Amino acid sequence: MTETTLRPGFSYTEEVAEALTSGAPVVALESTIISHGMPYPQNIEMAREIEDLVRAHGAVPATLAVIGGRPSIGLEPAELELLAQDEDVLKVSVRDLPFVIATGRHGATTVAATMRLSALAGIDTFVTGGLGGVHRGAPRTFDISADLTELGQTSVAVVSAGVKSILDIGLTLEYLETEGVPVLVNGSEEFPSFFSRGSGFPSPLVVDGPEEIAAVMHAKWSNGLPGGLAIANPIPAEDEIPAAEMAGVIEQALTEMDERGIRGNAATPFLLGRIVELTDGASLQANIALVRANARLGAAVAVAYKNLAR
Ligand code: PSU
Ligand code: MN
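Computed from a predicted model, the values in this text were never measured in an experiment.

### A closer look at the pattern of salt bridges
Within this structure, the stated rule accounts for 11 salt bridges. Arg48 serves as the salt-bridge partner of Glu81, at 3.0 Å between the closest nitrogen and oxygen. You can see Glu81 sitting in helix α4 (residues 77-85) and its partner Arg48 sitting in helix α3 (residues 42-56), a full 33 residues away along the chain. Arg48 gets classed as partly exposed once you look at its relative accessible area, which sits at 41%. Between Glu277 and Arg274 there is a salt bridge; the shortest N-O distance is 2.5 Å. Note that Glu277 and Arg274 are positioned in helix α12 (residues 267-278) at a spacing of 3 residues, about one turn of the helix. Overall, Glu277 belongs to the exposed group, its relative accessible area being 52%. Ionic contacts of the salt-bridge type, sharing partners, join the residues Glu15, Glu51, Asp52 and Arg55 into one network.

So this is what it looks like as structure tokens:
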């Protein structure tokens, strides 16, 4: 069985430390989705529910964040609550990790930062809602999420529901190809766009379930091909919001963002917040439903991969 040693300077919950040192399957969960991706109290309810769902499917959940300057692999209930409520929690991507550690502050980690900390902690499977990507207008603004460059270099499989159409989905797929990232779509010929099962873009690669996904992870890493994998899991049909229904809302949120001059790392949180407001919370229900589906798939992937890699 592959065992992991705990990293000095990192903080671990007992449950996660025990799982990592004994070689049990562990699923990483990010925290920007809690602090900057959903309103309170739905964010804390979602965070707790997803952890339980991962447990129910045979893996140990580890929500990652930086608490008081310490990279934390698994969070205590009070730490989860702090991330859900405290307005001063920083949004931490890879570039921000040294600063938040040095200054002893609290940080919610993005997909990119969560991937990096997962790899350092020896976790290979990570579940989230949506990936960051190439923003619309990126040819002018250069706004391309560090999630994509991180997928290019860090050996973690990330389960998401694809990318929201606040982004340029076509350019995001091009960028992932450039970075050498396998994009595996679970059970669908079309790449999903978060709220919707389709996007108009064909799936780069189609896979069928957790065993096949784990086999691709194993084929990659055991043959000297480091780097991440993007696993796209289309939202369940009964929870989907048709792309045409979301299009107007997304256009309005993008227009308001431009009018207010919101840029940089504030762009994604602003858009996510406005979409929830403009849909009267309907988008939030879909968001929670797709994270649930991703947690089920991700836990099964973590279990299947451990069986191959041990
Ligand atoms: N997209 C979503 N929900 C999210 C995010 C993106 O649908 O919560 C968050 C994730 O943490 C992701 C981050 O890593 O936003 C990307 O931010 P940026 O575009 O600034 O890289
Ligand atoms: Mn950005």
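Next, the rest of the story.
### Observations regarding helix α11 (residues 243-260)
Here α11 is 18 residues long and its end C-alpha atoms lie 25 Å apart, about the 26 Å a rise of 1.5 Å per residue gives. For α11, the full list of buried residues reads Met246, Val249, Ile250, Ala253, Leu254, Glu256 and Met257. Taken down its axis, α11 places every buried residue within 160° of arc, on the same side. Exposed side of α11, more than 90 degrees from the buried face: Ala244, Asp258 and Glu259 are the residues found there. Buried residues in α11 make contact with α12. Gly261 lies just past α11 and shows a positive phi near 70°.

### Some details on the environment of Ala113
Position of Ala113 relative to the elements: it lies in helix α6 (residues 111-121). Spatially, the C-alpha atom of Ala113 lies 20 Å from that of Trp221, the residues being 108 residues apart in sequence. Apart from the residues within four sequence positions on either side, Ala113 is in contact with Val92, Ser93, Val94 and Leu97.

### Focus: the side chain of Ser203
Tracing the backbone through its elements, the reader meets Ser203 in the loop between β9 (183-186) and β10 (205-207). Beyond its immediate sequence surroundings of up to four residues, Ser203 is in contact with Val185, Ser188, Glu189, Glu190 and Phe191.

### Comments concerning the environment of Leu297
Position of Leu297 relative to the elements: it lies in helix α13 (residues 282-309). Taking the C-alpha atoms as reference points, Leu297 and Ala59, separated by 238 residues in sequence, lie 11 Å from one another. Among residues more than four places away in sequence, those in contact with Leu297 are Val159, Asn186, Pro210, Ile213, Ile231 and Asn233.

### Examining the side chain of Ser93
Tracing the sequence through the fold places Ser93 in the loop between β5 (90-92) and α5 (97-102). Taking the relative accessible area as the measure of exposure, Ser93 reaches 15% and is therefore buried. If we ignore the near neighbours within four places in the chain, the residues touching Ser93 are Thr110, Ala112, Ala113 and Ala146.

### Here we look at α4
Taken as a whole, α4 has its buried residues at Leu80, Leu83 and Ala84. Buried residues of α4, seen end-on, are gathered within an arc of 100° and therefore sit on one face of the element. Here the buried face of α4 lies against α2 (32-35), α3, β3 (60-67) and β6 (107-109).

### Section: the site of ligand 1
Taken together, the neighbourhood of ligand 1 is formed by 14 residues, with Glu30, Lys91, Asp147, Lys164 and Thr268 sitting nearest. With respect to ligand 1, the side chain of Lys91 contributes an N or O atom lying 2.6 Å from an oxygen atom. Lys164 is positioned with one of its side-chain polar atoms (N or O) 2.3 Å from an oxygen atom of ligand 1. Within the complex, the protein chains bury 93% of what would otherwise be the 470 Å² of accessible surface of ligand 1. Elements supplying a minimum of two residues to the shell around ligand 1: α2 and α12. Classifying every residue of the shell around ligand 1 by side-chain character gives 4 nonpolar, 6 polar and 4 charged.

### A word on the packing of aromatic side chains
According to the stated counting rule, one finds 2 aromatic pairs in the structure shown. Ring geometry for Trp221 and Tyr305: centres 5.5 Å apart, planes at 85°, overall edge-to-face. Pair noted here: Trp221 is in helix α10 (residues 210-222) and Tyr305 is in helix α13, with a separation of 84 residues, a long-range link. Taken as a pair, Trp221 and Tyr305 share a single burial class, namely buried. The aromatic ring of Phe10 is capped on one face by Arg7, whose charged end is 5.5 Å from the ring centroid. In this structure, Lys164 packs its charged tip against the face of Phe194, placed 3.5 Å from the ring centre.

Calculation notes
- Residues numbered from 1 in each chain as written.
- Chains lettered and ligands numbered in written order.
- Predicted model: local features only at pLDDT ≥ 70, side-chain atom pairs only at ≥ 80, totals over all residues.
- Heavy atoms only, no water.
- Salt bridge = Lys/Arg side-chain N within 4 Å of Asp/Glu carboxyl O.
- Helix = DSSP H or I, 4+ residues; strand = E, 2+ residues; numbered from the N terminus.
- Buried < 20%, exposed > 50% of the residue type's maximum accessible area, 1.4 Å probe, protein only.
- Expected span 1.5 Å × (residues − 1).
- Arc of directions from axis to C-beta.
- Contact = heavy atoms within 4.5 Å.
- Near = heavy atom within 4 Å.
- Polar contact = N/O pair within 3.5 Å; in protein donor to acceptor, adjacent residues only side chain to side chain.
- Areas by Shrake-Rupley, 256 points an atom, 1.4 Å probe, with all protein chains shown as cover.
- Nonpolar A, V, L, I, M, F, W, Y, C, P; charged D, E, K, R; others polar.
- Phe/Tyr/Trp six-rings, centres within 6.5 Å; stacked < 30°, edge-to-face > 60°.
- Lys NZ or Arg CZ within 6 Å of the ring centre and 35° of its normal.

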